[in-house]
Amino acid sequence: MNETGKQAQILNEMKNYKLHLLGISECRWTGCGKSIARSGETIIHSGRTDNKHQQGVAIIRNKQTAKSLIEYSPVNERIIRARFHAKKGKVTFIQCYAPTNEAEEEVKNEFYNTLQAEIRKVPTHDLTIVMGDLNAKVGNDNTGNERVIGKYGCGQMNENGELLVDFCGINNLVIGGTIFPHKDIHKLTWNSPNARDKNQIDHIMINGKWKRSLQDVRVKRGADIAKDTIEEASEPASINNKWLKVEEIYKETSEKVLGYKRQIHKEWITQGTWKLIDERKEINNKLCQTYSERIKDKLRKEYSECNKKVKKATRSDKIKYTEDLAKEAENAASNQRMGQVYQVVKQLCNKKTNKSMPIKDKQNNTLSSEKEQKERWKEHFQEVLNGKEPENTVSIDITEIVRPIGADIEQNCSLDEESMKLYIVVLDYIAFDFSYGPTLKNPIWLPFSRWRKNVVSTITLTFWSCIVPLTAKLFHMIRLMTISDEDVGI
């Protein structure tokens, strides 16, 4: 998701398959938080804290069900937990990205210990789903593990598979991808770069008492965002499925006929780029349906070339979009539309105002529920606004400057005659402006590029030594230090 245009492609595939929730492993986003995409989807993610774009997990919820989120907990760059309202209760999703089979034992044990700690935090009555890239092959032999593994696994169990099976046995979890009979092409989730090795390493697990709620688990091979893993989708069974379809039809028809007022966002990916993405998807579908190795090699080369074109086109679209925004800001500035300039600059800086960060308590523990966060804000403002009054108060007459200017000049600097005059003029202006504020219409500015080293430093020292409230000092120092020669006509 860190590549240019990758998020838009993922959200487009999510709409194509009509998914309510999508788990992402290795999203490669840094930090943690919740954000809302332009198309309305809610994204919660948890990544590294050292600004390295590695690992990272995320959960995406579509626009219609985004309000069902109760709380979420970004644990680390490999685990994120989220709890949602559902029709028959509450559902907890834990999205994972496990270390590879070749990783060190300490790293693997730390991952499963953290995952076990998160499982313990889930209420016992919740429907619990653990999913993601576990890098674990559980195999097709379920002897002794019938409650955890079904009859329809793939391959041979590896070391990570043993750790996963033990974890599921302790927590009464069932591996959903092994209990439904499908062809291997609908169970294998990972393709090697040489396209010869295929494994089932991505899994969806559900707690045992809700096992019958899982209707199907299968791989969607048509999903294509140029990654080596394929989406694995699950469908929870419900008595009201037919009614939900009818309700969806009514909503879609109402939106088309009646419509609703909403903010229109410019889509920076052009139609030409989307056509290239569709072409890449068609090549991927042909590749999945072909059995001839000669034709597969040919299609892989076509896919690689098309993927390069997609990346090049998305980068070009992004550059063009940025240039257009810059021109729009330039035109707005020339017409004195500063509000529009601010909005455009904010877009150029990619500053997301709809992103929220987790709130922590005094013990540095993350507060995930809204109720706890509101209580923490209440506690914070009570401490800030209801603090004790200072014992000693000082009364300052702001219309007087205590130190005479000449004395400061003699003590703090040695300047030539021309600089001395400028120095006195500017200090007089500061005192006058501070005393009378907006009544001064024609201020005298200091051309500090000519006397940068001697005058400005002396002004700072002298003015700071005066008894003036701190806010006024900061205001005038910033104003003096930020003007340029062009501002004063020099």
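Above this text is the structure in question.
Here is a short report on the structure shown in this document. (Residues numbered from 1 in each chain as written. Predicted model: local features only at pLDDT ≥ 70, side-chain atom pairs only at ≥ 80, totals over all residues. Heavy atoms only, no water.)

**Some points on the overall build of the protein chain**
Secondary structure summary: the protein chain contains 13 helices and 16 strands in total. Across the 490 residues in the protein chain, those meeting the buried criterion constitute 38%. Pairs at least 24 apart in sequence give 62% of the contacts found in the protein chain among residues at least 6 apart. (Helix = DSSP H or I, 4+ residues; strand = E, 2+ residues; numbered from the N terminus. Buried < 20%, exposed > 50% of the residue type's maximum accessible area, 1.4 Å probe, protein only. Contact = heavy atoms within 4.5 Å.)

**Some points on the pattern of salt bridges**
Here the structure, examined in full by the defined rule, presents 13 salt bridges. Put simply, E118 and K121 hold a salt bridge, and the shortest N to O gap is 3.3 Å. The exposure class of E118 is buried, given its relative accessible area of 4%. Here E383 ties to K362 by a salt bridge, and the two come within 2.5 Å at their closest N and O atoms. Taken as a pair, E383 in helix α8 (residues 370–385) and K362 in the loop between β15 (359–360) and β16 (366–367) lie far apart in primary sequence, 21 residues in all. Members of the salt-bridge network, linked through shared partners, are K362, R376, E379 and E383. (Salt bridge = Lys/Arg side-chain N within 4 Å of Asp/Glu carboxyl O.)

**Overview of a nonpolar patch on the surface**
A contiguous nonpolar patch, built from W243, L244, V246 and Y250 and spanning about 430 Å² of accessible area, is present on the exposed surface. Note on placement: Y250 falls in helix α4 (residues 241–257). (Patch = residues over 30% accessible without salt bridge, like charges linked within 9 Å, V, L, I, M, F, W, Y side chains within 5 Å. Areas by Shrake-Rupley, 256 points an atom, 1.4 Å probe, with all protein chains shown as cover.)

**Overview of the side chain of K187**
Among the structural elements, K187 can be located in the loop between β9 (173–175) and β10 (190–191). Setting aside residues up to four positions removed in sequence, K187 forms contacts with Y152, G153, C154, G177, F180, H182, Q200 and V219.

**Quick notes on the packing of helix α1 (residues 6–16) against helix α5 (residues 271–289)**
One can describe the packing of α1 onto α5 by two numbers: an axis separation of 12 Å at closest approach and a directional angle of 60°. Considering the relative orientation of α1 and α5, their crossing is right-handed. Each of A8, Q9, N12, E13 and N16 in α1 lies in contact with α5, whose residues at this interface are W274, I277, R280 and K281. Grouping the amino acids of the contact of α1 with α5 by side-chain chemistry returns three nonpolar, three polar and three charged. (Axes fitted to C-alpha atoms, helices over the stretch in contact; angles between N-to-C directions. Left-handed = near helix turned anticlockwise from the far one by under 90°. Nonpolar A, V, L, I, M, F, W, Y, C, P; charged D, E, K, R; others polar.)

**Considering the sheet that holds strand β12 (residues 202–207)**
The strand order across the open sheet built from six strands is β5-β6-β7-β8-β12-β9, with neighbouring strands paired in mixed fashion. With partners counted over all chains shown, the strands left at the sheet margins are β5 (69–74) and β9, one partner each. Adjacent strand axes in the sheet meet at a mean angle of 20° when their direction is disregarded. As judged from the three bridges shared by β9 and β12, these two strands associate in the antiparallel manner. Bridge pairing links I175 to M205 in β12. Set on the sheet, helix α2 (residues 105–120) makes contact with β5, β6 (79–86), β7 (89–97) and β8 (127–133); between it and β7 the angle comes to about 170°. The strands touched by helix α3 (residues 159–171) within the sheet are β9 and β12, with β9 carrying the most contacts at an inclination of about 140°. (Pairing = 2+ DSSP bridges.)

**Observations regarding the nonpolar core**
One recurring pattern in soluble globular proteins is that nonpolar side chains are buried together. Grouped together as the largest cluster of nonpolar side chains are 22 residues, with contacts concentrated most on L134 and L164. Not counting residues up to four positions away in its chain, the partners in contact with L164 are Y112, L134, A136, V138, I175, H203 and M205. Ranked by size, the runner-up nonpolar core spans 20 residues in total, among them V57, Y72, L127 and V217. (Core = buried A, V, L, I, M, F, W, Y, C linked by side-chain atoms within 4.5 Å.)

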